[in-house]
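Coordinate analysis (summary)
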Amino acid sequence: MHMDAQPNRTGRRRRRKKTPQQKAPAVEPVIVAARRPGSPRLEKPTRRMKAASARPRTRDDGVSLDAQDAPSREAQAAEAPKRREARIVQRRTDEIDEREKNRRRLFSQFMASEGRSAITRAADTYLTAGFTLPREQDAQLKLLEHFNEVRAHEAILVLTELLRDESPRQLPLFRQRLRRLEDHAEDANTREAARDLRRVLPA
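Before going into details, it helps to say that this report is about the structure given with it. All values derive from a computational prediction rather than experimental measurement.

Re the overall build of the chain
- Helix and strand counts for the chain stand at seven helices and zero strands.
- Looking at the chain residue by residue over its 203 residues, the buried ones come to 20%.
- In the chain, of all internal contacts separated by at least 6 residues, the share reaching a separation of at least 24 is 53%.
- Carbon and sulfur atoms make up 50% of the accessible area of the chain, which totals about 17,100 Å².

Structure follows, in structure tokens:
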């Protein structure tokens, strides 16, 4: 048998059946739930979570971190009111200084006033501003000229107390104003008080 008549099988390549490749298992996405600080948890807290949150933080040496931070927090809390109080005290000092300036200005106007009308207006302005006339002879002697007999009567009582320890000043003016109240005051108690004080004055 001739070799050329035989079919050439060596030239044919066998086709191998491709085995299907195994697909890699699909990876499920990991869902991360983010929440804002202080917002409630989405899941229910477990016993382990409760125990962890209730357990105080500690250092390696066993000292509680919360206890360590407590003095610093207390110092900061105590320091804040002190700074605020210092500012309030400074502001109140300025207000007091301004009020004292106003008092001195009104008192100077009162002491410089002349005549019953001017004295009455200056005294009312001073007293309405919330100030009290000093218990001094010069101020109380001028107040005797006030149109309101109540003010004049109060001045007589203050002058009576002052003369127990002091010598009267401006005697002619003192007698003149007391005599006017003694003769022309509408209130009987004011007339009597003026008469008693005038008799105490030295001749």
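Side note on the pattern of salt bridges
- Scanning all chains against the criterion turns up eight salt bridges.
- Between Arg169 and Asp138 there is a salt bridge, and its shortest N-O distance comes to 3.8 Å. Here Asp138 lies in helix H4 (residues 137–143) and Arg169 lies in the loop between helix H5 (149–162) and helix H6 (171–184), a separation of 31 residues in the sequence.
- Among the residues examined, Asp138 registers a relative accessible area of 31% and is labelled partly exposed.
- Here Glu145 and Arg177 are joined by a salt bridge, their closest N and O atoms 3.8 Å apart. Of this pair, Glu145 sits in the loop between H4 and H5 while Arg177 sits in helix H6, and the two are 32 residues apart along the sequence.
- Judged by its relative accessible area of 12%, Glu145 is buried.

Digging into a negative patch on the surface
- On the surface, a cluster of negative charge is made up of Asp94, Glu95, Asp97 and Glu98.
- Following the sequence through the fold, Glu95 ends up in helix H2 (residues 65–112).

Brief notes about the side chain of Glu145
- Polar contacts involving the side chain of Glu145 include one to the side chain of Arg180, which spans 3.1 Å.
- Residues in contact with Glu145, not counting those within four places in the same chain, are Arg116, Ile119, Thr120, Arg177 and Arg180.

Let's talk about the packing of aromatic side chains
- Within this structure, the stated rule accounts for three aromatic pairs.
- Geometrically, the ring pair formed by Tyr126 and Phe131 is tilted, given 5.5 Å between the ring centres and 45° between the ring planes. Exposure class is identical for Tyr126 and Phe131. Each is buried.

Reading guide: rules and limits
- Residues numbered from 1 in each chain as written.
- Predicted model: local features only at pLDDT ≥ 70, side-chain atom pairs only at ≥ 80, totals over all residues.
- Heavy atoms only, no water.
- Helix = DSSP H or I, 4+ residues; strand = E, 2+ residues; numbered from the N terminus.
- Buried < 20%, exposed > 50% of the residue type's maximum accessible area, 1.4 Å probe, protein only.
- Contact = heavy atoms within 4.5 Å.
- Areas by Shrake-Rupley, 256 points an atom, 1.4 Å probe, with all protein chains shown as cover.
- Salt bridge = Lys/Arg side-chain N within 4 Å of Asp/Glu carboxyl O.
- Patch = residues over 30% accessible without salt bridge, like charges linked within 9 Å, V, L, I, M, F, W, Y side chains within 5 Å.
- Lys, Arg positive; Asp, Glu negative; His and termini not counted.
- Charge placed at Lys NZ, Arg CZ, Asp CG, Glu CD.
- Polar contact = N/O pair within 3.5 Å; in protein donor to acceptor, adjacent residues only side chain to side chain.
- Phe/Tyr/Trp six-rings, centres within 6.5 Å; stacked < 30°, edge-to-face > 60°.

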